[in-house]
Amino acid sequence: MEQQPIGIFDSGYGGLTVLKEITAKLPQYDYLYLGDNARSPYGTRSFETVYEYTLECVKWLFEQGCPLVILACNTASAKALRSIQQNDLQKIDAEKRVLGVIRPTTEIIGQYTKTGNVGILATNGTVISNSYPIEIEKFYPDVAVFQEPCPMWVPLVENNEYTSPGADYFIKKNIDNLLTKAEGIDTVLLACTHYPLLMEKIKKAMPEGVTVLSQGEIVAGSLVEYLHKHPEIDGKCTKSGQISFYTTDSTDDFDNHAAVFYGKPVKSQHLSL
Ligand code: DGL
C-alpha cells in the first residue's frame with residue numbers, strides 16, 4: 001500500500017517539539033517531517049519569503065503522498081497558512097488539507113485566563129503578523145492580548161546556550177518587558193516551537209500564579225479531534241507507526257540538534273529544493 005503519512009513542516013528543528021507530542025497521542029500514524037534548515041530561521045523573514053518557502057515545502061510533502069500537512073511552525077502558520085488554504089490548495093489539490101498551530105491554541109487560551117489579560121511570547125515575525133491578537137479576538141473578544149518578541153531565544157536554543165546564564169538574562173528581560181505591558185497578565189503562551197526547551201528557566205522567571213502554556217500538547221489534542229471529525233482525511237492517513245525525517249541542510253547537523261528537540265535519536269535524509 002502506498003504510504004500516506006501526515007506531513008509535519010517546520011523551518012528547522014522546532015517542529016520536532018510538536019511532532020513529539022503528536023506521536024505521543026497518535027503513535028499509530030505515519031509521519032513525514034520536513035525541516036527547511038537551509039533557509040531557517042523564518043522568524044526574521046518577510047511575509048513573501050516565508051510564504052514562498054512554506055508553499056514550496058508543502059508542495060513537496062503533498063508530492064510524497066501526504067493527505068494532510070501540519071505547519072508545526074508559528075511563523076509559517078502566521079505568514080503563509082491563510083494564503084495556502086484560501087488560494088493555493090484549490091490549484092494544487094482541493095482534497096488535501098493544511099493546518100497550523102495558531103488556531104488550536106487561540107481556540108482554548110481564553111479558558112485559562114481569569115483576569116482576561118493574556119501574554120504572547122514569539123518571534124518578531126509572528127508578533128508583527130498580529131495573528132495571535134486577531135485570532136484570539138474571534139474566540140474571546142473580551143480577552144486583551146499583549147505580545148513580546150523574543151529575538152534571542154531561538155538563537156540561544158539553536159546554539160546550545162539554552163541552559164547557560166546568558167539564557168537567564170534574555171528570558172528575564174523579555175518576560176519583564178511583557179509583564180510591564182499590562183497589570184494582571186495571568187496566562188502566557190509560548191508561541192514558538194523552540195521555547196518549550198526554555199520552559200524551566202521561563203517558569204523560574206515568571207511570577208507565581210502565571211500559567212505558562214506550551215503548544216505541542218494543545219496542537220496534538222486538536223489533531224486527535226480533527227481526525228475524529230474528518231474521517232475522509234483520517235481514512236487516507238496510513239497507520240504503520242513509521243516516521244521519516246528530511247532536512248534541506250546537513251543531515252549530521254539535523255540529527256545532532258534533533259535529539260534535543262525530539263527527545264530521541266533521529267536519522268534524517270537530505271532534500272534539495
Ligand atoms: N519554528 C519557528 C516558530 O515557531 C521558530 C524558528 C524560526 O524562526 O524559523 O516561529
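Keep in mind that what you see is a predicted model, and the values were worked out from it rather than measured.

### Side note on the packing of helix α1 (residues 15-25) against helix α13 (residues 251-262)
Here is step 1: In the contact formed by α1 and α13, the axes pass within 8 Å of each other and the chain directions differ by 55 degrees. Considering the angle they form, α1 stands oblique to α13. α13 is crossed by α1, and the crossing has right-handed handedness. Of the residues in α13, those touching α1 at L16, T17, L19, K20 and T23 are F254, A258, F261 and Y262.
Here is step 2: Of the residues in the contact of α1 with α13, the class split is six nonpolar, two polar and one charged.

### Comments concerning the site of the ligand
Here is step 1: Taken together, D10, S11, P41, Y42, G43, C73, N74, T75, T123, C192, T193 and H194 are the residues near the ligand.
Here is step 2: The separation between an oxygen atom of the ligand and a polar main-chain atom of G43 is 2.8 Å.
Here is step 3: For the ligand, the accessible surface in isolation is 290 Å², of which the surrounding protein chains cover 98%.
Here is step 4: Considering only residue class, the shell around the ligand consists of four nonpolar, seven polar and one charged.

### Topic: helix α9 (residues 165-179)
Here is step 1: Given a rise of 1.5 Å per residue, 15 residues ought to cover 21 Å, and the 21 Å separating the end C-alpha atoms of α9 matches this to within 8%.
Here is step 2: All of the buried residues along α9 are A167, I171, N174, I175 and L178. The buried residues of α9 occupy an angular sector of 100 degrees when the element is viewed end-on, so they sit on one face. Those residues of α9 that are exposed and angled more than 90 degrees off the buried face are P165 and Y169.

### A word on the packing of aromatic side chains
Here is step 1: The full count for this structure, using the stated rule, is ten aromatic pairs.
Here is step 2: Between Y13 and F261 the ring centres are 5.5 Å apart and the planes differ by 25 degrees, which places this aromatic pair in the stacked class. Here the residue Y13 occupies a position in the loop between β1 (6-10) and α1, and F261 occupies one in helix α13, the gap between them amounting to 248 residues.
Here is step 3: Look at Y13 and you get buried, because its relative accessible area is 7%.
Here is step 4: For F261, a relative accessible area of 2% gives the class buried.
Here is step 5: On the numbers, 4.8 Å between centres and 65 degrees between planes, the contact of W153 with Y195 is edge-to-face. Of this pair, W153 sits in helix α8 (residues 153-158) while Y195 is found in the loop between β7 (187-190) and α10 (199-205), placing the two residues 42 residues apart along the sequence.

### Thoughts on the pairing of strand β5 (residues 117-122)
Looking along a regular strand, one sees the side chains alternate between the two faces of the sheet.
Here is step 1: The element β5 is extensively covered by neighbouring structure, given that six of its six residues are classed as buried.
Here is step 2: The side-chain alternation of β5 yields two buried faces, one formed by N117, G119 and L121 and the other by V118, I120 and A122.
Here is step 3: Across six bridges, the pairing between β5 and strand β6 (residues 144-149) is parallel. Pairing of A122 across the sheet is with P149, part of β6.
Here is step 4: Sheet topology places β5 next to β7; four bridges connect them, and they run parallel. Paired with V118 across the bridge in β7 is T187.

Rules behind the numbers
Per-chain numbering applies: the sequence of each chain, read as written, is numbered from 1 onward. Per-residue local features are limited, in this predicted model, to residues with pLDDT of at least 70; the limit for side-chain atom pairs, both in listing and counting, is 80 or more; totals at the level of whole chains, interfaces and linings are taken over all residues. Derived side-chain values reflect all non-hydrogen atoms in the structure, with water molecules and hydrogen atoms excluded from consideration. For helices, the fitted axis covers only the stretch in contact; all axes are lines through C-alpha atoms, and the angles between them, taken along N-to-C directions, range from 0 to 180 degrees. Here a strand is any run of E in DSSP of at least two residues, a helix any run of H or I of at least four, and the numbering for each starts at the N terminus. Roughly parallel refers to an angle under 35 degrees, roughly antiparallel to one over 145, roughly perpendicular to one between 65 and 115, and oblique to any angle outside these ranges. Left-handed describes a crossing in which the near helix is turned anticlockwise from the far one by less than a right angle; the clockwise case is right-handed. Contact criterion: two residues are considered in contact whenever any of their non-hydrogen atoms come within 4.5 Å of each other. Lys, Arg, Asp and Glu make up the charged group, whereas Ala, Val, Leu, Ile, Met, Phe, Trp, Tyr, Cys and Pro make up the nonpolar group; the residues left over, Gly among them, are polar. Summary of the distance rule: residues count as near a molecule or strand when at least one heavy atom falls within 4 Å of that molecule or strand. Distance and chemistry together define a polar contact, namely a pair of N or O atoms within 3.5 Å, with one atom able to donate a hydrogen and the other to accept it when in protein, and with adjacent residues in sequence counting only for side-chain atoms on both sides. Computed by Shrake-Rupley with a 1.4 Å probe, the accessible areas treat only the displayed protein chains as cover when residues are assessed. One less than the residue count of a helix, multiplied by 1.5 Å, gives the span that helix is expected to have. Burial classes follow relative accessibility: with a 1.4 Å probe on protein chains only, a residue under 20% of its type's maximum area counts as buried, one over 50% as exposed, and anything between as partly exposed. Arc definition: it is the arc formed by the directions from the helix axis to the C-beta atoms. Only centres within 6.5 Å qualify two rings of Phe, Tyr or Trp (six-membered ring in Trp) as a pair; their planes then separate them into stacked at under 30 degrees, edge-to-face at over 60, and tilted for everything else. Pairing between strands is defined by DSSP: at least two bridges between them are needed.

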